[in-house]
Amino acid sequence: MERLLFGIVLMVEVALAVYCLVTKQRHRKGKSLVRVTVFIVFVMLTLLPGIEWSFSWIFCAGMLLLLAVTGLLPLIRHPKEDLRALKRSAIVVKAILMLLLLSLAFAPVLLFPQYRLPEVTGEYPVGTAVYTYTDKNRIEEFTDTGEHRHVNVEFWYPEQAEGPYPLLVFSHGAYGISSSNTSTFTELASHGYVVASIGHPYHSFYTESEDGKLTMISREYVREFNNTNKDGIYTAEELYGIIQKWMKLRTDDMNLVIDSVMEKATKGNGPAVYGLIDPAKIGVFGHSMGGAASVWLGRERGDIGAVVNLDGPLFSELRYDRKADDFTSANEAYTIPLLNIYSDDVWKQLGKNSAYAANQTADQNFTEVYSVHFQGANHMSLTDLPLFSPILANMLPVGKAVIDKYYCIENMNRLVLQFFDYTLKGIGDFSPKEVY
């Protein structure tokens, strides 16, 4: 609907400009009548099921309203038609400015169009909550205030349920946000899981604390991350050190959250969501860098029962070979069940990019590992970004997705649910296809 309405408005303005060019006149009344009509149609679409009103429509509505109001004046005053000839250059310049203004006004709804969420298949209604945990053992390294590090967590949990249910802790990607995979979290919670999605402060594009405080991504971290994707900026040894630093921050955050939640769940105090959690059943999962951190944590902790890695490198399994000045696989046993889900962006790098060297040897070193490839998907296809911003989803990664976004997300969510059901709840078996 957004693209259709935008196209109609642009065509109307182009048609008016062409008409003025041909006649070399202003046609103020005619243009005013057309713009008032366009605004009336827009209002009708918002009142009917055509447009689902949201914040992104404000600029568009404001622009169309402004054009309609200014257009009413010539219709109300009934001035004589200005028959003076206009220069073609003036008509063209005004038309171009109008098209630019309309493009800016429509930009938010084109970037973030209305969409439908994947259907939730579980029996439980889903509740949400936000809590902030303080790590008294760490001073925030991204500021000079001397404050302890605060970690924000969004929860999705089954309402009107008794529990206990497994706890699933999620870590977002390099620039991600805690709600990056909301459809996955909602689906899992509807089937009897408590999902805790971490917003890693200064690694997340933004994260919001329990009291509403926003923390934006660190420019230093952005610069460092971008430089790791450029040749000649870091040596292999320096890059290995940076990876170790990133993983420590991420896993320390995840440890803080798990330990804090487990303490509250065991003591039975605090909000009701903690009472739903089974302390004996914990799973971790994440996207990209968050997936790498999840696999890493599975090697460090003895209470993790299952790990899902969405398009992440197995950093925990990499070692730096000083003689070769390159990465190599650790070739050490990993006993936690692991599900790897890959897009084309990462699948084509397996075996070619040294950062993914350990992913290639997972079948040999992991006791129970499953690897799935979604053909036609790009890196962001394994998040909800293609739903609420298809344009951004195809701009951020290297490749363009050709897979149907709902097919990809719904099947990915189904696989993640089945894997955790099998590993944490002992329900059914798990035999995924290698390619979807």
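Scroll up for the structure.
Here is what the cut-offs are and how they apply
Residues numbered from 1 in each chain as written. Predicted model: local features only at pLDDT ≥ 70, side-chain atom pairs only at ≥ 80, totals over all residues. Heavy atoms only, no water. Salt bridge = Lys/Arg side-chain N within 4 Å of Asp/Glu carboxyl O. Buried < 20%, exposed > 50% of the residue type's maximum accessible area, 1.4 Å probe, protein only. Helix = DSSP H or I, 4+ residues; strand = E, 2+ residues; numbered from the N terminus. Pairing = 2+ DSSP bridges. Phe/Tyr/Trp six-rings, centres within 6.5 Å; stacked < 30°, edge-to-face > 60°. 1 Å grid on protein atoms, 1.4 Å probe; cavity = no way out; pocket = protein on both sides within 12 Å on 5 of 7 lines; lining within 4 Å. Points joined across faces, edges and corners; volume = space filled by probe spheres on them. Nonpolar A, V, L, I, M, F, W, Y, C, P; charged D, E, K, R; others polar.

Enquirer: Where do I start with the pattern of salt bridges in this structure?
Expert: Side chains that differ in sign of charge can pair as their charged atoms come close. A complete count under the given rule lists 14 salt bridges for this structure. Where Arg-138 meets Asp-135, a salt bridge forms, and the shortest distance between an N and an O atom there is 2.7 Å. Each member of the pair, Arg-138 as well as Asp-135, is classed as buried. We note a salt bridge from Arg-149 to Asp-253, for which the minimum N-O separation is 2.9 Å.

Enquirer: How should the pairing of strand β11 (residues 338-342) be read in this particular structure?
Expert: Note on strand geometry: in a regular strand, side chains alternate between the two faces of the sheet. With 5 of 5 residues buried, β11 lies mostly within the body of the structure. Burial of β11 is two-sided: the residues Leu-338, Asn-340 and Tyr-342 facing one way and the residues Leu-339 and Ile-341 facing the other way are all buried. Of the strand pairs in this sheet, strand β8 (residues 306-310) and β11 are connected by 4 bridges, and their pairing is parallel. Paired with Asn-309 across the strands is Asn-340, a residue of β11. Pairing of β11 with strand β12 (residues 369-373) involves 5 bridges; the strand directions are parallel. Residue Ile-341 lies in a different strand from β12, and its bridge partner there is Val-372.

Enquirer: Could you clarify how one ought to interpret the packing of aromatic side chains in this entry?
Expert: Remark: the centre distance and the inter-plane angle together describe each pair of aromatic rings, the angle taken between the planes. If you walk through the whole model with that rule in mind, you get 26 aromatic pairs. Aromatic pair Phe-142 and Tyr-202: ring centres 5.1 Å apart, planes at 20°, arrangement stacked. Here Tyr-202 lies in the loop between β4 (194-199) and β5 (206-208) and Phe-142 lies in the loop between β1 (126-139) and β2 (148-158), a separation of 60 residues in the sequence. Using a relative accessible area of 18% as the deciding quantity, one classes Tyr-202 as buried. Geometrically, the ring pair formed by Phe-185 and Phe-285 is edge-to-face, given 6.1 Å between the ring centres and 85° between the ring planes. Placement of Phe-185 in helix α5 (residues 182-190) and of Phe-285 in strand β7 (residues 277-287) is noted, with a sequence separation of 100 residues between them. The residues Phe-185 and Phe-285 share a single accessibility class, namely buried.

Enquirer: Please explain empty space enclosed by the protein as it appears in this structure.
Expert: The rolling of a water-molecule-sized probe over the atoms marks out the regions of remaining empty space. What the rule picks out here adds up to 1 cavity of 30 Å³ or more. Looking at the largest cavity, its volume works out to about 60 Å³. In terms of lining residues, the largest cavity is bounded by Val-9, Val-12, Glu-13, Arg-35, Val-38, Leu-64 and Leu-67. Ranked by residue count, the leading element in the lining of the largest cavity is helix α1 (residues 2-23), at 3 residues. A per-class count over the lining of the largest cavity returns 5 nonpolar, no polar and 2 charged.

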